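Architecture and fold: a report
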Amino acid sequence: MQTATHSISVIHRDAVERKPFFHYRPGRSTITIAAPGCTFSCSYCVNYRLSQYGRPDSQEWTGEIADVEAVVADAATEQAIIALSYTEPALAIELTLALAEASDPYGVEIAWKSNGFLTDRAVDTVAPVLAAVNIDLKAADNGRHRRLTGAPLTPVWRAIRRLREFGVWIELSTPLIPGYTDDPEDLATLAAGIADIDIDIPWHLLRFTPTFRMTSQDPTSPDALAGAVSIARSAGLRYVYVERALGDEGRATRCPGCGTTVVTRGIWNLTANVLVDGRCPACDNTIAGRW
Ligand code: SF4
């Protein structure tokens, strides 16, 4: 049997920071692959030509049957992480499991960028082979989440908790779409929800740029992103990031114990990491992550 989700439409190398992961294997390269399709239909999807495969307004897509052994061999040689991203890897669980089985002898790790819309059975099936997942927290409640994506939010929170129970490293991402997801009260709700799980979970606040069904929407302003960072910090979150729009400061990790800058990043790449075995070199405080 052949399915589209056991194929690869995109494969290329980039830094793990670009997934984005900031507290997971900093500076490592990834071999990033994408199978077509997604469980959501987000109006702002930059990868809609691939992700909306199978839907009426779908664009043409191309892909080749995944050569699992070749991907793993390359990852082992390059000491790279295999990342599934750009579309929804939950539709490619069989591919993920095949990659994991082939990777196991080489110690190659597998990471996902996911919308988090996973059943308990899906989590139970795939979590044991995943090292890290960056999950989108797209809106503050079921109604807003459904309007933006076509699906409710509640299963996403549940998947976040359950993946953590398996020991998977979790980072979260939220796009700040003006008029949709940038309301300060909504952001405070999301921040409180994250803090209720763990204040050490890194939260990436993403700048929206007009695309797909939202081409007439304004991009997120730097002021809105800075305001969101303040809201997150007020909720107690220790690691809040803005990849673009706030400069190096938005991408830097500071020790929550003494304030020393311990990891710095450019746009999508590591520039310095002074951690010593995951600890601050100045005060020996442990910085949460898989370093
Ligand atoms: S979940 Fe991600 S890949 Fe899927 S439609 Fe939304 S933005 Fe696109």
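Cut-offs used in this document
Residues numbered from 1 in each chain as written. Predicted model: local features only at pLDDT ≥ 70, side-chain atom pairs only at ≥ 80, totals over all residues. Helix = DSSP H or I, 4+ residues; strand = E, 2+ residues; numbered from the N terminus. Rg over C-alpha atoms; globule rule 2.2 N^0.38 Å. Buried ≥ 20, exposed ≤ 12 C-beta atoms within 10 Å, placed from the backbone. Contact = placed C-beta atoms within 7 Å. Pairing = 2+ DSSP bridges. Near = placed C-beta within 6 Å. Nonpolar A, V, L, I, M, F, W, Y, C, P; charged D, E, K, R; others polar. UniProt positions renumbered as here; feature names shortened; annotations may be inferred. Axes fitted to C-alpha atoms, helices over the stretch in contact; angles between N-to-C directions. Parallel < 35°, antiparallel > 145°, perpendicular 65-115°, else oblique. Left-handed = near helix turned anticlockwise from the far one by under 90°.

You'll find the chain entered in an unreviewed UniProt entry as AmmeMemoRadiSam system radical SAM enzyme, with Catellatospora coxensis given as the organism.

Digging into the overall build of the chain
Counting secondary structure elements, the chain contains nine helices and 13 strands. Its C-alpha atoms give the chain a radius of gyration of 18 Å, near enough to 19 Å, the size a compact globule of 291 residues would have. With the C-alpha coordinates of the chain rotated into their principal frame, the extents come out at 55 × 45 × 30 Å. Counting only residues that meet the buried cut, the chain has 45% of its 291 residues in that class. Residue pairs in contact within the chain that sit at least 24 positions apart in sequence constitute 68% of those at least 6 positions apart.

Overview of the sheet that holds strand E6 (residues 110–114)
Spatial ordering of the open sheet is given by E2-E3-E5-E6-E7-E8-E9-E10, a layout of eight strands whose pairing is mixed. Strand pairing shows two members of the sheet lacking a second neighbour, strand E2 (10–15) and strand E10 (240–241), which therefore form its edges. Bridge analysis of E2 against strand E3 (residues 29–34) gives six bridges, and the strand direction is antiparallel. Paired with alanine 15 across the bridge in E3 is serine 29.

Considering the site of the ligand
All residues in the neighbourhood of the ligand are listed as Cys38, Phe40, Ser41, Cys42, Cys45, Asn47, Ser51, Thr87, Glu88, Asn115 and Thr149. Among the residues making up the shell around the ligand, the classes are represented as four nonpolar, six polar and one charged.

Observations concerning the UniProt feature "binding site: [4Fe-4S] cluster" (unreviewed entry) in the chain
Those places that UniProt annotates as "binding site: [4Fe-4S] cluster" (unreviewed entry) correspond, in this numbering, to Cys38, Cys42 and Cys45. Apart from residues lying up to four places away in sequence, cysteine 38 is in contact with Ser51, Gln52, Thr87, Glu88 and Leu91. You can see cysteine 45 is positioned in the loop between E3 and helix H1 (48–51). The exposure class of cysteine 45 is buried, given the 20 C-beta atoms found within 10 Å. Those residues in contact with cysteine 45 that lie beyond four places of it in its chain are Ser51 and Phe212.

Some remarks on the packing of helix H2 (residues 68–78) against helix H3 (residues 93–103)
Two elements in contact, H2 and H3, have axes whose closest approach is 9 Å; the angle formed by their N-to-C orientations is 50 degrees. Classified by the interaxial angle, the pair formed by H2 and H3 is oblique. With respect to the hand of their crossing, H2 and H3 are arranged in right-handed fashion. In this structure, H2 uses Val68, Glu69, Val71, Val72 and Ala75 to contact H3, whose residues at the interface are Ala98, Leu99, Ala102 and Ser103. Grouping the amino acids of the contact of H2 with H3 by side-chain chemistry returns seven nonpolar, one polar and one charged.

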